[in-house]
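Descriptive analysis of the structure
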Amino acid sequence: MNAATDRNEASRSGPRVPLRDHVATSIRRYLGDLNGSGTENLYEIALRELEIPLFAEVLQHCDGNQSRAASMLGIHRATLRKKLREYGLE
């Protein structure tokens, strides 16, 4: 076995941290990095920053099959295609 396999097996056997916990940690870090300055449109920024890697990873997982990826994401394929164009992920 290689290190990646060991890591994958270890992560499967231990308790899983919910995705929301990872998101909360990232948001806390981002807000801390603002160092007191504000931001506008945080909701839009957060959605974009989540959607881009989400779509990219799910598409990779589905070997580029947009129909499968859209089904996995629970969205219509046309919506996925629109978002991919919007984010330059075509």
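The structure this text deals with has already been given above.
Here we summarise the structure given alongside this text.

Definitions and limits used
Residues numbered from 1 in each chain as written. Predicted model: local features only at pLDDT ≥ 70, side-chain atom pairs only at ≥ 80, totals over all residues. Heavy atoms only, no water. Helix = DSSP H or I, 4+ residues; strand = E, 2+ residues; numbered from the N terminus. Buried < 20%, exposed > 50% of the residue type's maximum accessible area, 1.4 Å probe, protein only. Contact = heavy atoms within 4.5 Å. 1 Å grid on protein atoms, 1.4 Å probe; cavity = no way out; pocket = protein on both sides within 12 Å on 5 of 7 lines; lining within 4 Å. Points joined across faces, edges and corners; volume = space filled by probe spheres on them. Patch = residues over 30% accessible without salt bridge, like charges linked within 9 Å, V, L, I, M, F, W, Y side chains within 5 Å. Areas by Shrake-Rupley, 256 points an atom, 1.4 Å probe, with all protein chains shown as cover. Salt bridge = Lys/Arg side-chain N within 4 Å of Asp/Glu carboxyl O. Axes fitted to C-alpha atoms, helices over the stretch in contact; angles between N-to-C directions. Parallel < 35°, antiparallel > 145°, perpendicular 65-115°, else oblique. Left-handed = near helix turned anticlockwise from the far one by under 90°. Nonpolar A, V, L, I, M, F, W, Y, C, P; charged D, E, K, R; others polar.

**Quick look at the side chain of E51**
Positionally, E51 belongs in helix 3 (residues 42-61). When its relative accessible area of 16% is taken as the criterion, E51 is described as buried. In this view, E51 contacts K83 and Y87; residues no more than four positions away in its chain are not counted.

**Quick look at the layout of surface pockets**
Taken as a whole, the largest pocket spans an internal volume of roughly 360 Å³. Taken together, L19, H22, V23, S26, I27, Y30, L42, I45, A46, E49, L50 and L54 form the lining of the largest pocket. Secondary structure elements with two or more residues in the lining of the largest pocket: helix 2 (19-33) and helix 3.

**Let's talk about a nonpolar patch on the surface**
Judged by side-chain polarity, L19, V23, I27, Y30, L31, L42, I45, L50 and L54 come together as a nonpolar surface patch covering roughly 700 Å² of accessible area. If you list the elements that add at least two residues to the nonpolar patch, you get helix 2 and helix 3. For the nonpolar patch, the element with the most residues is helix 2, which contributes five residues. Secondary-structure assignment places L31 in helix 2. Note on L31: relative accessible area 42%, which makes it partly exposed.

**Thoughts on the packing of helix 3 against helix 5 (residues 77-86)**
Running from N to C, helix 3 and helix 5 point in directions that differ by 120°, and their axes come no closer than 11 Å. In terms of orientation, helix 3 and helix 5 fall into the oblique class. For helix 3 against helix 5, the interelement crossing comes out left-handed. Every residue of helix 5 that contacts helix 3 at E51, F55 and L59 is listed here: L80, K83 and L84. Tallied by class, residues from the contact of helix 3 with helix 5 come to four nonpolar, no polar and two charged.

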